[in-house]
Structures are given as structure tokens and as C-alpha cells.
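Read off the chains here:
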Amino acid sequence: SVQPNETLKLEIGVRPTIPVTGLILTADTHEPVKGARISYRCPTQRSLIISHHAETDERGRYHTRLIAGEVARQVIAGVSTPYEYPRLEPIQIPAHVEKYEAPEISIHPMHLVKGTLVDHSGAPVLGATVVLH
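Within every chain, residues take consecutive numbers counted from 1 along the sequence as written. Side-chain atom pairs in this predicted model are given and counted only at pLDDT of 80 or more, local residue features only at pLDDT of at least 70, and totals for whole chains, interfaces and linings cover all residues. As a rule here, side-chain values come from all non-hydrogen atoms in the structure, and water together with hydrogens is ignored.

## Description of the overall build of the protein chain
Quick note on the threshold: Secondary structure follows DSSP: runs of H or I at least 4 residues long count as helices, runs of E at least 2 residues long count as strands, and numbering of each begins at the N terminus. Radius of gyration: over C-alpha atoms. The globule rule applied is 2.2 Å multiplied by the number of residues raised to the 0.38 power. Working definition: with a 1.4 Å probe on protein chains only, accessible area under 20% of the residue-type maximum means buried, over 50% means exposed, and in between means partly exposed. Residue contacts are counted whenever heavy atoms from the two residues lie within 4.5 Å of one another. As used throughout, the charge tally considers Lys and Arg to be positive and Asp and Glu to be negative, leaving His and the chain termini uncounted. Positions of charges follow a simple convention, taking NZ of Lys, CZ of Arg, CG of Asp or CD of Glu.
Counting secondary structure elements, the protein chain contains zero helices and nine strands. On C-alpha atoms alone, the protein chain measures out to a radius of gyration of 22 Å, which is more than a quarter above the 14 Å that the 2.2 N^0.38 rule sets for 133 residues. The principal-axis extents of the C-alpha atoms in the protein chain amount to approximately 75 × 40 × 25 Å. Per-residue burial over the protein chain gives 29% buried out of 133 residues. A sequence separation of at least 24 residues applies to 58% of the contacts in the protein chain between residues at least 6 apart. Taking the average place of the 13 positive charges on the side chains of the protein chain and the average place of its 14 negative ones, the gap between the two points comes to 2 Å.

## A few points about the pattern of salt bridges
Under the convention used in this document: The salt bridge criterion pairs a side-chain nitrogen of Lys or Arg with a carboxyl oxygen of Asp or Glu, the two atoms within 4 Å.
This structure, assessed with the given rule, holds four salt bridges. The partner of Arg59 in a salt bridge is Asp57, and the shortest N-O contact between them spans 3.4 Å. Notably, a salt bridge pairs Glu89 with Arg73, separated by 2.5 Å at the nearest N-O pair. With Glu89 in strand S7 (residues 89-93) and Arg73 in strand S6 (residues 69-77), this pair connects stretches of sequence that are 16 residues apart.

## Some words on the nonpolar core
The line we're drawing: The nonpolar core is taken to be a set of buried Ala, Val, Leu, Ile, Met, Phe, Trp, Tyr and Cys residues, with the residues joined through side-chain atoms within 4.5 Å.
If you look at the biggest cluster of nonpolar residues, it comprises 20 residues, and the most contacted ones within it are Val20, Ile24, Tyr40, Tyr62, Val75, Ile93 and Ile107. Within the residue set of this core, elements represented by two or more residues are strand S1 (18-26), strand S2 (37-42), strand S5 (61-66), S6, S7 and strand S9 (105-107). Ranked by residues supplied to this core, first place goes to S1 with three residues. If near-sequence neighbours (up to four positions away) are discounted, Ile24 is found in contact with Glu31, Pro32, Val33, Ala36, Ile38, Thr56, Gly60, Tyr62, Val75, Ile105 and Ile107.

## Brief notes about the confidence of the model for the protein chain
For clarity, the cut-off: Predictor confidence is given residue by residue as pLDDT, running from a minimum of 0 to a maximum of 100.
Looking at the protein chain, pLDDT values average 86 and 92% of them are 70 or higher. Per-element averaging of pLDDT across the protein chain places strand S3 (residues 47-48) at the bottom with 56 and strand S8 (residues 100-101) at the top with 96.

## Notes on a nonpolar patch on the surface
Counted only if it meets this: For patch building, the residue pool is restricted to those with more than 30% relative accessible area and no salt bridge; the joining distance is 9 Å between like charges and 5 Å between nonpolar side chains (Val, Leu, Ile, Met, Phe, Trp, Tyr). Accessible areas in this description were obtained via Shrake-Rupley with a 1.4 Å probe; residue shielding takes into account the shown protein chains only.
There is a patch of nonpolar side chains on the surface, built from Val2, Leu8, Leu10, Ile12 and Val14 and spanning about 580 Å² of accessible area. Look at Leu10 and you get exposed, because its relative accessible area is 65%.

## Focus: the pairing of S2
Under the convention used in this document: Between any two strands, pairing holds if DSSP finds at least two bridges.
With two bridges joining them, S2 and strand S4 (residues 54-55) adopt antiparallel strand pairing. Looking across to S4, one finds that Arg37 is bridged to Glu55. Inspection of the sheet shows S2 paired to S6 by five bridges, in the antiparallel sense. Looking across to S6, one finds that Ile38 is bridged to Val75.

## Section: the environment of Gly127
Inspection of the secondary structure assignment puts Gly127 in the segment after S9. Separated by 71 residues in the primary sequence, Gly127 and Thr56 place their C-alpha atoms 38 Å from one another.

Here it is as C-alpha cells:
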């Protein structure tokens, strides 16, 4: 807190950022994924390290700025069905470079899986949710 007639000196250290570009394509047809949003996070703290999300253009390319070091990226929106949302993936942004081209992200097609969940006696289990990874 600052009292009247007091001066508060606040120093905030900032780290330089590096321009990062990347590409998102569908794994089966190699088509660009337009309008996909990507989140970057610190993998150890699970917190966002940038306050906005990068979004792909009509060529499936995105552009952002990040600090050097390990970050985790994840596609969080804009992927049409029947394609998956890739999991959180760590990448390393190198220090002392003018720009960095991130490895390509491949969005894989999903297929419909049907089945019946049964208990130990073989009777169907009603109202259960099944999650497959």
C-alpha cells in the first residue's frame, strides 16, 4: 500500500520473446486446419504462459511469440468432427534464435466405436459413461 505523499518504485523484469510459427494439417488428407486455436502452457505449472491463443489461418499456419524454454502446446478449439483434439504436447523453444518453426501438428481422424458395457456377471450396465483414450 502507498500512503499520501509516498513514492512507490516498482521494477518489473521481462524476458524477451521469440516469434514462433507452426502448421496444423489433417493426418489423412494433409489438408490445412483453418481456425484452430492453440494454447501454450508451462508444463510444470499447468498455467497459461500467454494470455491469448494462437489461431490458424486459411493455410493452417499460426503465429505467436513465446519465451525460450520448454512449453506445452495443445489445440483447444476449431477442429471439425470427426478429427481428434491432440493432447498436451511439450516442445522446446530454443534460446538465441531470431524465430522458431514449431513441429507440425497432425490432427488424426476418429472412427465410431460401438459396444456394450457389462458387469462381472455379463449383465449390461445402464447409464454408465465410457471414455477411451
